[in-house]
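# Secondary and tertiary structure notes
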Amino acid sequence: MNDIAFMRRAIELSAQCAQSDEGPFGAVVVKDGKIVGEGVNQVVPTGDPTAHAEVVALRAACQATGSHVLDGAVLYTSCEPCPMCLGAAWWARVKEIVYANDRADAAAIGFDDDAIYDEVAAPLDRRKLPIRRLGAAEALEVFKLWHAKPDKVPY
């Protein structure tokens, strides 16, 4: 299979999803030339706002490979990832993201992520969703304990 075949699979998954009560999004994770994870949006049926197609596909790929690290993998998605999905792909360490529809296309059908992009870029004191710090000294002690742990699994 090649890029276009993998993208067509992501689009096929999005088309299947569009026939349900869910948003029209699909994604596949490819490692070493094989699909190791697939996902469609599952937000509504699972009641989980993080169950976007890309996150579902990344979770499946991690389970299939037995690792939280997907070095060398490519994420093919029917739409440009939202900030959360971009973050998940970043943490999974995929080497590339390939997408079809862009965020303007998504906004045109009611999936507008611009407010989130704006929020992330705004200084903390200007965010629309209030964010404040509390318990920093106590929490920092836990970080110090983990940092000193000789058998920690970094990620």
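You'll find the structure just up there.
To start, this report covers the structure provided alongside it. (Residues numbered from 1 in each chain as written. Predicted model: local features only at pLDDT ≥ 70, side-chain atom pairs only at ≥ 80, totals over all residues. Heavy atoms only, no water.)

### Observations regarding the pattern of salt bridges
Following the criterion strictly, the structure yields six salt bridges and no others. A salt bridge links glutamate 80 to arginine 103, with the nearest nitrogen and oxygen atoms 3.4 Å apart. A residue pair is termed long-range when its members are at least 10 positions apart, and glutamate 80 in the loop between β3 (74–79) and α4 (83–92) and arginine 103 in helix α5 (residues 103–108) qualify at 23 residues. For glutamate 80, a relative accessible area of 18% gives the class buried. Between lysine 144 and glutamate 141 there is a salt bridge, with its nearest N and O atoms 3.4 Å apart. Linking lysine 144 with glutamate 141, this pair stays in helix α7 (residues 136–148), spanning three residues, or about one helical turn. Relative accessible area serves as the criterion here: at 44%, glutamate 141 is assigned to the partly exposed category. (Salt bridge = Lys/Arg side-chain N within 4 Å of Asp/Glu carboxyl O. Helix = DSSP H or I, 4+ residues; strand = E, 2+ residues; numbered from the N terminus. Buried < 20%, exposed > 50% of the residue type's maximum accessible area, 1.4 Å probe, protein only.)

### Description of unusual backbone geometry
Both trends apply: most residues other than glycine have a negative phi, and most peptide bonds are in trans. A positive phi angle is found at aspartate 32, which is not glycine, with a value near 55°. The topology assignment puts aspartate 32 in the loop between β1 (26–31) and β2 (34–40). Take aspartate 32: its relative accessible area is 68%, and that puts it in the exposed class. You will see that arginine 93, though not glycine, has its phi angle at about 65°, which is positive. Note on arginine 93: relative accessible area 33%, which makes it partly exposed.

### Thoughts on the pairing of β2
Alignment of β1 against β2, held across six bridges, turns out to be antiparallel. For valine 30, the partnering residue across the bridge sits in β2 and is isoleucine 35. The turn linking β1 back onto β2 is made up of two residues, and aspartate 32 within it adopts a positive phi angle of 55°. (Pairing = 2+ DSSP bridges.)

### Observations concerning the sheet that holds β2
Taking strand neighbours across the sheet as the criterion, the four strands line up as β2-β1-β3-β4 in an open arrangement whose pairing is mixed. Two strands in the sheet have a free side with no partner beyond their single neighbour: β2 and β4 (96–101). With strand direction ignored, the average angle separating the axes of adjacent strands in the sheet is 15°. Sheet strands in contact with helix α1 (residues 3–18) are β1, β2, β3 and β4, and its direction is about 150° off that of β1. (Axes fitted to C-alpha atoms, helices over the stretch in contact; angles between N-to-C directions. Contact = heavy atoms within 4.5 Å.)

### Things to note about the packing of helix α3 (residues 53–65) against α4
Contact geometry for α3 and α4: axes closest at 8 Å, N-to-C directions at 20°. As judged from the angle between their axes, α3 and α4 are roughly parallel. For the pair α3 and α4, the sense of crossing is left-handed. Along the contact surface, α3 presents Glu54, Val55 and Leu58, while α4 presents Met84, Cys85, Ala88, Ala89 and Ala92. (Parallel < 35°, antiparallel > 145°, perpendicular 65-115°, else oblique. Left-handed = near helix turned anticlockwise from the far one by under 90°.)

### Let's talk about the nonpolar core
For soluble globular proteins, the rule of thumb is that nonpolar side chains tend to be buried together. If you look at the biggest cluster of nonpolar residues, it comprises 16 residues, and the most contacted ones within it are Val29, Leu58, Leu70 and Val94. Going through the elements one at a time, β1, α3, β3 and α4 are the ones with two or more residues in this core. In terms of residue count, α3 provides more of this core than any other element does, five residues in total. For valine 94, the contacting residues outside a window of four places in its chain are Leu58, Leu70, Ala73 and Ala89. By size, the runner-up hydrophobic cluster in this structure holds nine residues, among which are Met7, Val74, Tyr76 and Val98. (Core = buried A, V, L, I, M, F, W, Y, C linked by side-chain atoms within 4.5 Å.)

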